[in-house]
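# A look at the structure
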2 protein chains.
Amino acid sequence: MDPKGTDQTEACSRHVCVNNPHLELLTDDVLYHFDLATGTHDLTAMFGDVKFVCVGGSAWRMKSFIEYIAAELNMEDPEGHYPNLCAGTDRYAMYKVGPVLSVSHGIGVSSISVMLNELIKLLHYAHCTDVKVIRIGTSGGIGLEPGTVVITKQAVDPTFRPQFEQLVLGKPVVRSTDLDQGLAEELLQCNEELSQFRAVMGITMCAMDFYEGQARLDGAFCSFTEKEKLEYLQKAHEAGVCNIEMESTVFAAMCKLSGLQAAVVCVTLLDRLQGDQLSSSHEVLQQHSKRAQTLVGCYIKKQLKAKSGHD
Amino acid sequence: MDPKGTDQTEACSRHVCVNNPHLELLTDDVLYHFDLATGTHDLTAMFGDVKFVCVGGSAWRMKSFIEYIAAELNMEDPEGHYPNLCAGTDRYAMYKVGPVLSVSHGIGVSSISVMLNELIKLLHYAHCTDVKVIRIGTSGGIGLEPGTVVITKQAVDPTFRPQFEQLVLGKPVVRSTDLDQGLAEELLQCNEELSQFRAVMGITMCAMDFYEGQARLDGAFCSFTEKEKLEYLQKAHEAGVCNIEMESTVFAAMCKLSGLQAAVVCVTLLDRLQGDQLSSSHEVLQQHSKRAQTLVGCYIKKQLKAKSGHD
């Protein structure tokens, strides 16, 4: 065996793959929704050291996460200044501290898919290696105490199938939604050590909307009864679904295709078997929202400590 | 004929319908993603006079639209202050000047559907009447000079069918994507009077993502050839598709279900038969983006003038 060959194979698997031969033909690639481009930004200098990418729906939450992680890693900016690296656009917000990148993705599969396309290309162009991507989100729980954190074992669609279907050139393409089991286990282990709140591993259902698609009775439209709603949620529960959100399937599918280790960590803001409205106080919702951040922060800190121990 | 009965029927058709009997049972309805609620806000006092709702993906664009319309209607705030009525959340932004409401909806069908559910409930609770909803967006054109404005005659899915399919309790529900033809004609007529740029009426295709779903060759993933891409876009062109964006089908479906007169007015930022990248200068893209705003602003002004003439 040629050791160089082995190294190359290993190096390749450590990089972020793009699955698109056409990109080689582009002299300048404009990452439009980030307001970044290969022709105007030195992406390797800006992002080459990234090892952890945390993504979440809300730009405010992703800013608060970078402030939190900066403090945890003793990498605080003395003036508390964490610039938005996508300041030229309001589509997404992006912050960076050391090896941690924090990016917002908006609501729903389409919004996160645009962001992930450009993120994957960015990590590829920046020659990043061994990147882990973790979605830090909020969700509705099924049969769980509000505030419980769910680490996703598998992302499923609203018919409980572990797949993401999208139309390419008008024809359906079905992709696997497997997530990294090792990473999920490590996160669960981390929560046991942290011991501040409950975390479980379970199946996460990804819905296409917040109201009818999640069997809520409180949208502008509702054509089903409360009994039918509860039967559906009960069926989900029996299929192992612990929580419902709106991005996990496409997130899992795209990370898997790019060879990125990925995890989904969402706090549950309510128990959907008990109701539909997010009517807890702002303070309680805020406090619960922070749990996924706390857990992921703890995990990153532990990983970096282990790594510096090896160096 | 009982004139009262006639009046009631007419009044009913002028209101914003919610299609959900469960809402009557709610004592307080929390519009979570707006950070507004019936229990804490007097929605009728805040929004009862709204006649035009303009929605668009970008919060910045919707703020600039309200500033523009304020100037057009001679309703400028002397201090240039247009507060975000959803300031307690970063999910959506909302601005109001007189009878015009301007709301951002983020990217994609899921994101706009969450916003529209809460907007329709808001308009319903505020007892608004005769409301017109216009989406002001950006899009990729097919065979059109960049900068051309497309007024949507019909919104279609990526297989060119005029429908929006969503899963409710795990089962597909198909909804019509008809838009108000009279409103579309009035907008086109308005553009002829304005005579500043070209506008056409045509079919708009709504894709689930920006890259593969729109046959782009420049995403993180691409499994088709340039020839296959062009064949697909050519088929779309032959089916009457003038432009591609990411929200029109669900927007049309939800407005129709609520009895709202609705239109989609999107500028084309590039010609997809010529390329995929948005690489025009920032200034040109900005200038083109404003065209849909200019046209809709002109329409609103004309409507209000006609109405004050009748009063």
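Bear in mind the structure is a predicted one, so any value in this text is a computation, not a measurement. Throughout this document, residue positions are counted from 1 along each chain, in the order its sequence is written. Chains carry letters from A onward and ligands carry numbers from 1 onward, assigned in written order. In view of the model being predicted, local features appear only for residues whose pLDDT reaches at least 70, and side-chain atom pairs are presented and counted only at 80 or more, with totals across whole chains, interfaces and linings using the full set of residues.

## Quick look at the overall build of chain A
Helix numbers and strand numbers start at the N terminus; a helix is a DSSP run of H or I with at least 4 residues, a strand a run of E with at least 2. If you tally the helices and strands in chain A, you get eight helices and 12 strands. On C-alpha atoms alone, chain A measures out to a radius of gyration of 20 Å, which is about the 19 Å that the 2.2 N^0.38 rule sets for 311 residues. Each principal axis of the C-alpha atoms in chain A carries an extent, and together these give about 60 × 50 × 45 Å. Our exposure labels follow a C-beta count within 10 Å of each residue's own C-beta, placed from the backbone: buried means 20 or more other C-beta atoms, exposed means 12 or fewer, and partly exposed covers the counts in between. Looking at chain A as a whole, 52% of its 311 residues are labelled buried. The contact rule is simple: place each C-beta atom from the backbone, and if two of them lie within 7 Å, those residues are in contact. Considering only contacts within chain A whose residues lie at least 6 apart along the sequence, 79% involve residues at least 24 apart. For this measure, only C-alpha atoms enter the radius of gyration; the expected value for a globule follows 2.2 Å times N^0.38, where N is the number of residues.

## Structural notes on the pairing of strand S5 (residues 100–104) of chain A
All names here are of chain A. Within S5, five of the five residues are buried, which leaves the element mostly enclosed by the surrounding structure. The alternating pattern of S5 places Val100, Ser102 and Ser104 on one face and Leu101 and Val103 on the opposite face, and all of these are buried. Where strand S3 (residues 52–56) lies against S5, five bridges are found, and the strand directions are parallel. Opposite glycine 56, over in S5, you have serine 104 as the bridge partner. One requirement defines pairing of two strands: DSSP has to find at least two bridges between them. As defined by bridge partners, strand S4 (residues 94–97) adjoins S5 across four bridges and the pair is classed as antiparallel. Looking at S5, one finds that tyrosine 95 is bridged to serine 102. In sequence, S4 turns back onto S5 through a hairpin of two residues, with glycine 98 there showing a positive phi of about 50 degrees.

## Examining the domain arrangement of chain A
Residue and element names in this part refer to chain A. Domain annotation for chain A reports domain 1 (22–130) and domain 2 (135–311). Of the residues lining the interface, 20 residues belong to domain 1; the matching set on domain 2 comes to 19 residues. Elements with a contribution of two residues or more to the side of domain 1 that touches domain 2: S3, helix H3 (59–72) and helix H4 (109–125). By residue class, the composition of the side of domain 1 that touches domain 2 is 13 nonpolar, five polar and two charged. Residue ranges for the domains trace back to a domain assignment, done automatically or taken from a database. Amino acid classes used here: Ala, Val, Leu, Ile, Met, Phe, Trp, Tyr, Cys and Pro are nonpolar; Asp, Glu, Lys and Arg are charged; the rest, including Gly, are polar.

## Examining the relation of the copies chain A and chain B
Only residues with pLDDT of at least 70 in both copies contribute their C-alpha atoms to the least-squares superposition of the copies. It takes a turn of 180 degrees to lay chain A on chain B, together with a shift of 0.0 Å along the axis; the resulting RMSD is 0.0 Å. Taken together, the rotation angle and the small translation identify this as a two-fold axis. Here 100% of the contact residues of chain A are again contact residues in chain B; the copies associate through an equivalent surface.

## What to know about the interface of chain A and chain B
Counting residues at the interface gives 54 residues for chain A and 54 residues for chain B. The set of elements that each furnish at least two residues to the side of chain A that touches chain B consists of H3, H4, strand S8 (163–168) and helix H6 (226–238) of chain A.

## Description of the packing of helix H4 (residues 109–125) of chain B against helix H7 (residues 248–257) of chain B
Residue and element names in this part refer to chain B. Angles run from 0 to 180 degrees between N-to-C directions of axes, and those axes are lines fitted to C-alpha atoms, restricted for helices to the stretch in contact. Two elements in contact, H4 and H7, have axes whose closest approach is 9 Å; the angle formed by their N-to-C orientations is 20 degrees. Here H4 lies roughly parallel to H7, going by the angle between them. For H4 against H7, the interelement crossing comes out right-handed. Across the interface between the two elements, Val109, Ile112, Ser113, Leu116 and Ile120 from H4 touch Thr249, Val250, Phe251 and Met254 from H7. Taken together, the residues of the contact of H4 with H7 sort by class into seven nonpolar, two polar and no charged. Oblique is the label for any angle not covered by the other classes, which are roughly parallel (under 35 degrees), roughly antiparallel (over 145) and roughly perpendicular (65 to 115). Two helices that cross are described as forming a left-handed crossing if the nearer one is turned anticlockwise from the farther one by less than a right angle, and a right-handed crossing if clockwise.

## A short note on the pairing of S3 of chain A
Across a regular strand the side chains alternate sides, sitting on one face of the sheet and then on the other. All names here are of chain A. Counting buried positions along S3 yields five of five residues, so the element is predominantly enclosed. With four bridges joining them, S3 and strand S6 (residues 132–141) adopt parallel strand pairing. Among the inter-strand pairings, valine 55 is bridged to a residue of S6, identified as arginine 135.

## Structural notes on H7 of chain B
Residues and elements named next belong to chain B. The element H7 is largely enclosed, with a buried count of eight among its 10 residues. Along H7, the positions that sit buried rather than exposed are Ser248, Thr249, Val250, Phe251, Ala252, Ala253, Met254 and Cys255. Among the residues trailing H7, glycine 259 stands out with phi positive, at a value near 70 degrees.

## Concerning the nonpolar core
Here a nonpolar core is just a set of buried residues of the types Ala, Val, Leu, Ile, Met, Phe, Trp, Tyr and Cys, joined wherever their C-beta atoms sit within 7 Å. The biggest cluster of nonpolar side chains holds 196 residues, and the ones touching the most others in it are Val265 of chain A together with Val265 of chain B. Ignoring sequence-local partners within four residues, the contact set of valine 265 of chain B consists of Ile134, Arg135, Ile136, Val149, Ile151, Leu187, Ala292, Leu295 and Val296 of chain B.

## Focus: the environment of threonine 138 of chain B
All names here are of chain B. Tracing the backbone shows threonine 138 in strand S6 (residues 132–141). For the pair formed by threonine 138 and valine 18, sequence separation is 120 residues and the distance between their alpha carbons is 29 Å. When residues no more than four places from it in sequence are discounted, the contact partners of threonine 138 are Cys266, Val267, Leu269 and Ser289.

## Let's talk about the confidence of the model for chain A
Residues and elements named next belong to chain A. One confidence number per residue, pLDDT, is output by the predictor and ranges from 0 to 100. Looking at chain A as a whole, the pLDDT averages 94, with 95% of positions reaching at least 70. Scored below 50 in pLDDT, residues 1–12 makes one contact in the model with residues more than four places away or belonging to other chains. For this predicted complex, the interface score ipTM comes out at 0.94, while the overall pTM is 0.95.

## Looking at unusual backbone geometry
All names here are of chain B. In this structure, phenylalanine 160 is a non-glycine residue whose phi angle is positive, near 70 degrees. Relative to the helices and strands, phenylalanine 160 resides in the loop between strand S7 (149–156) and strand S8 (163–168). Note on phenylalanine 160: 16 C-beta atoms within 10 Å, which makes it partly exposed. Phi at serine 195 takes a positive value of approximately 55 degrees, unusual for a residue other than glycine. Mapped onto the elements of the fold, serine 195 is located in the loop between helix H5 (181–194) and strand S10 (199–206).

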